[in-house]
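Per-entry structural report
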Amino acid sequence: MPELPEVESYKNYFLNSCLQKRVKSVEVLDSHMLKNIKAEELEAAFNGYKFTSVFRHGKYLMAENELGNLLVLHFGMTGSLKLVQNPIICPYSSLVIHFDKDTLCIISKRKLGKIMLTADRLRFIGNRGLGPDAARVTSQEFMDLFSTRKAKIKTALLNQAIIAGVGNIYADEICFQAGIRPYHGLSLLSLPDLNNLYRCLQQVISLAIKVDADYSQMPANWLLHHRHKGDCCPKCGGALEYFHLSGRGTYYCPQCQY
């Protein structure tokens, strides 16, 4: 599933390939993906205008045009972007945006993403109940958000209303790098533990962004390379434990995480 680092890479892709190009036409190929807007309304909001800026908050990508309309994309489990030459359309495209010489395909193989429209980025973030972006949350904000809660650590990391952008894989990685078991309650963590958790959150997210969320470029001692039943810990070589927490498959090392 595209998490914060993946969506940051999509943001950079859009930034480098789609800004300041005039939109010739917009085609909605799967209206099931539209949320609270009709296809003709979405098309009218962007046809004939240039995209001038692009933003990301958590797992949401927002591309603004010269009228102030923002195309909002949530990629679900299998979403992605691809710029292709006209008139080629990628398989599983739910929305295509035609420019003069090429076309941006918004792809969603499993049809679990969302396509939305807003004119106010901050209001959209507030209406969705999203917390601070995980890549930009400050140490003090993190402490204020996590130090008074009793939720399990991983459950809190996954809660988009607390901080936005962390998904299942990176939540496990953050707990692994922090040496903390994901099922422990936040109330059990000391102040140094919380500071360490924040430090690992920032390290994992920033490094994943740096390599464009390419797993092959991530450190060999990261847990995400070993998220398979029966696999071993990349640090100590011991057997990894697997269980479900908050409905999500969870891996941890009982020797390295306490």
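The text that follows walks through the structure, step by step, so that each part is easy to find. From a predicted model like this one, the values you see are computed outputs, not experimental measurements.

**Concerning the packing of helix α1 (residues 4–17) against helix α7 (residues 191–210)**
Angle between the axes and distance between the axes: these two values describe a pair of packed helices. Where α1 meets α7, the closest approach of the two axes is 9 Å, and the angle between their N-to-C directions is 35°. The chirality of how α1 crosses α7 is right-handed. Contacts from Leu4, Pro5 and Glu8 of α1 reach α7 at Ile205, Ala208 and Ile209. A breakdown of the residues in the contact of α1 with α7 according to their chemical character gives five nonpolar, no polar and one charged.

**Describing the pairing of strand β6 (residues 93–98)**
Two faces make up the sheet, and in a regular strand the side chains alternate between them. Burial analysis of β6 places six of its six residues in the buried class, the great majority of the element. As paired elements, strand β1 (residues 25–28) and β6 share four bridges and run antiparallel to each other. Within the sheet, the bridge partner assigned to Ser25 lies in β6 and is His98. Taken together, the five bridges between β6 and strand β7 (residues 102–108) define a ladder with antiparallel strand orientation. The residue of β7 that forms the bridge with Val96 is Cys105. Adjacent in sequence and paired antiparallel, β6 and β7 are bridged by three residues.

**A closer look at the packing of helix α6 (residues 168–178) against α7**
Running from N to C, α6 and α7 point in directions that differ by 125°, and their axes come no closer than 9 Å. By the criterion of interaxial angle, the relationship of α6 to α7 is oblique. Crossing geometry of α6 relative to α7 is assigned as right-handed. On α7, the residues touching Tyr170, Glu173, Ile174, Gln177 and Ala178 of α6 are Asn196, Leu197, Cys200, Leu201, Val204 and Ala208. Per-class residue counts for the contact of α6 with α7 are eight nonpolar, two polar and one charged.

**Section: unusual backbone geometry**
A positive phi angle, near 60°, is found at Asn36, a position not held by glycine. One can find Asn36 in the loop between β1 and α2 (39–46). For Asn36, a relative accessible area of 83% puts it in the exposed group. Despite not being glycine, Ser246 shows a phi value in the positive range, around 55°.

**Remarks on a nonpolar patch on the surface**
Among the surface-exposed residues, Met1, Met77 and Leu112 lie close enough to one another that they form a single nonpolar patch of about 250 Å² accessible area. Looking at the element boundaries, Met1 is found in the segment before α1. On the basis of relative accessible area, Met1 is assigned to the partly exposed category, the value being 40%.

**Overview of the sheet that holds β1**
Strand order across the open sheet formed by four strands is β1-β6-β7-β5, with antiparallel pairing between neighbours. Every interior strand has two partners, whereas the edge strands, β1 and β5 (79–85), have only one. Strand after strand, the sheet turns through a mean of 15° between neighbouring axes, direction not considered. Note: β5 against β7, seven bridges, orientation antiparallel.

**Structural notes on α1**
Taking 1.5 Å per residue, 14 residues should reach 20 Å; α1 reaches 20 Å between its end C-alpha atoms and fits that length. The element α1 is extensively covered by neighbouring structure, given that 10 of its 14 residues are classed as buried. Those residues of α1 not exposed but buried are Leu4, Pro5, Glu6, Val7, Glu8, Ser9, Tyr10, Lys11, Phe14 and Ser17. Taken together, the buried residues of α1 touch β2 (51–57), β3 (60–65), β5, β7, α6 and α7.

Cut-off values and rules
- Residues numbered from 1 in each chain as written.
- Predicted model: local features only at pLDDT ≥ 70, side-chain atom pairs only at ≥ 80, totals over all residues.
- Heavy atoms only, no water.
- Axes fitted to C-alpha atoms, helices over the stretch in contact; angles between N-to-C directions.
- Helix = DSSP H or I, 4+ residues; strand = E, 2+ residues; numbered from the N terminus.
- Left-handed = near helix turned anticlockwise from the far one by under 90°.
- Contact = heavy atoms within 4.5 Å.
- Nonpolar A, V, L, I, M, F, W, Y, C, P; charged D, E, K, R; others polar.
- Buried < 20%, exposed > 50% of the residue type's maximum accessible area, 1.4 Å probe, protein only.
- Pairing = 2+ DSSP bridges.
- Parallel < 35°, antiparallel > 145°, perpendicular 65-115°, else oblique.
- Patch = residues over 30% accessible without salt bridge, like charges linked within 9 Å, V, L, I, M, F, W, Y side chains within 5 Å.
- Areas by Shrake-Rupley, 256 points an atom, 1.4 Å probe, with all protein chains shown as cover.
- Salt bridge = Lys/Arg side-chain N within 4 Å of Asp/Glu carboxyl O.
- Expected span 1.5 Å × (residues − 1).

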